[in-house]
Amino acid sequence: KVPGAREKATRTMEPGARVTQPTPSSRRLARILGHFEARVPRSSSEGGVDSKANARLLSDVSTSAPLPSLFRRPHPMVSLTNEVATALRRNEPVVALESTIISHGMPYPQNVETARRVEETVRKHGGVPATVAILEGKIHVGLTTEQLEKLGKLGTKCHKCSRRDLALIVAQKGNGATTVAATMYIASLAGIRVFVTGGIGGAHRGVEKTLDISADLTELARTNVAVVCAGAKSILDIPKTLEVLETAGVPVIGFGVSEFPAFFSRNSGSQAPLQINSEREVASFLHASDKLSIQGGAVIAVPIPMDQAGNASRIGEATKKALAETIEKKIEGRNITPYLLERINQLTEGHSLSANINLVLNNAKVGTRIAVELSKLRRQAQ
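The structure displayed is predicted, hence computed values, not measured ones. (Residues numbered from 1 in each chain as written. Predicted model: local features only at pLDDT ≥ 70, side-chain atom pairs only at ≥ 80, totals over all residues. Heavy atoms only, no water.)

A. Here's a closer look at unusual backbone geometry. Between Tyr108 and the following residue, Pro109, the backbone shows a cis peptide bond with an omega angle of 5°. Mapped onto the elements of the fold, Pro109 is located in the loop between helix H4 (100–103) and helix H5 (110–124). Phi at Leu211 takes a positive value of approximately 60°, unusual for a residue other than glycine. Structurally, the position occupied by Leu211 is in the loop between helix H9 (207–210) and helix H10 (215–222). Of the residues examined, Leu211 reaches a relative accessible area of 68% and is grouped as exposed. For Ser293, which is not glycine, the phi dihedral falls at a positive 55°. Relative to the elements of secondary structure, Ser293 occurs in the loop between helix H12 (279–291) and strand S11 (298–301). Ser293 gets classed as exposed once you look at its relative accessible area, which sits at 62%. (Helix = DSSP H or I, 4+ residues; strand = E, 2+ residues; numbered from the N terminus. Buried < 20%, exposed > 50% of the residue type's maximum accessible area, 1.4 Å probe, protein only.)

B. Layout of the packing of helix H8 (residues 180–190) against H10. Look at H8 against H10: their axes get within 8 Å of each other, and the N-to-C directions meet at 25°. Relative to H10, the element H8 is oriented roughly parallel. H10 is crossed by H8, and the crossing has left-handed handedness. Every residue of H10 that contacts H8 at Val180, Ala181, Met184 and Tyr185 is listed here: Ala215, Asp216, Glu219 and Leu220. (Axes fitted to C-alpha atoms, helices over the stretch in contact; angles between N-to-C directions. Parallel < 35°, antiparallel > 145°, perpendicular 65-115°, else oblique. Left-handed = near helix turned anticlockwise from the far one by under 90°. Contact = heavy atoms within 4.5 Å.)

C. Quick look at the environment of Asn358. Looking at the element boundaries, Asn358 is found in helix H15 (residues 351–380). Judged by its relative accessible area of 21%, Asn358 is partly exposed. For Asn358 and Pro305, which are 53 residues apart along the polypeptide, the C-alpha to C-alpha distance reads 8.3 Å. Ignoring any residue separated from it by four or fewer positions in sequence, one finds Asn358 in contact with Ile304 and Gln308.

D. Spatial organisation of the pattern of salt bridges. All told, the structure shown has 15 salt bridges when counted by the stated rule. Among the salt bridges present, the one from Arg123 reaches Glu83, with a minimum N-O distance of 2.5 Å. Here Glu83 lies in helix H3 (residues 82–89) and Arg123 lies in helix H5, a separation of 40 residues in the sequence. Looking at Arg123, the relative accessible area reads 41%, which means it is partly exposed. In this structure Glu83 comes out as partly exposed when scored by relative accessible area, which is 36%. A cluster of three or more residues bridged by salt bridges with shared partners is formed by Arg163, Glu219 and Arg222. (Salt bridge = Lys/Arg side-chain N within 4 Å of Asp/Glu carboxyl O.)

Set out below in structure tokens:
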């Protein structure tokens, strides 16, 4: 016996017996079955995946085409609707949607009506909408009609959740509406690559004194979710926002334009660092990024359609007035953006809100088309 050598295990066999080695395909099937048994939610509560759905998923896996190579297991603390879970498993296009626009963006019932219009737009263009929210401490990706109604009625009673707030709201079994940063993080847990919103946060005006920079920018630097938006909100310091994103290595793409859009307006005065002109090209870019294992998201900045754009000068004047009021009233932190958007809407007599809704619907159309093209590329790569 050689000192230090490992002893090999032996087993007795009947004479003439053969050892059947597991084939690669059988090992792979076992891993897939084990994955679904361990990971697919078994809750029969509303919006969750029940035991019958689990059985159907296991049956489909054992008899249908191979699992998509880029399929990601959803996190066990994330509850998917049956529709979203099935779409992700089949590598169909799923589009994440935030919920702060529902709770803090506009009053009930207009908020719920707008949310439904956005979801309908995603479906119309071939995708599955996945609105993200926290209800009674449970993280939901995809909401039922009843859950969407509940969220709309709660309104500002919902906690506005960024990444830092998620664990506390879950622990306290509270209700939370997710910001861009939180929605990105939860979408990544669910395995969703494309997220549609109105506009991202950024560096606030006067940032050199306040250091007020949105957590959206740091999330973009570390979470692999593409954010389709109308650029940064016009209440922000857009040149400094773009500088922060450049430092963080986040690709910022003007969709069909060379100038970075400013939410209500197609023009910000700042150039977009990159330009891509079609949904197929954006999908190819995202697919290449995945294959290169590049960490972080991307900003796909889509200008509001020309015939729906807000009156830039009118909104600009309203923005300046509202910003001055935040200083006078000492409104700070997370309360700034909701106040500004509401006040600007008042000063423009509803014109800014109308533009806001139009740009979100347009972003949903473009974002869904990107998700559809990305799904095609992933299937081709199998």
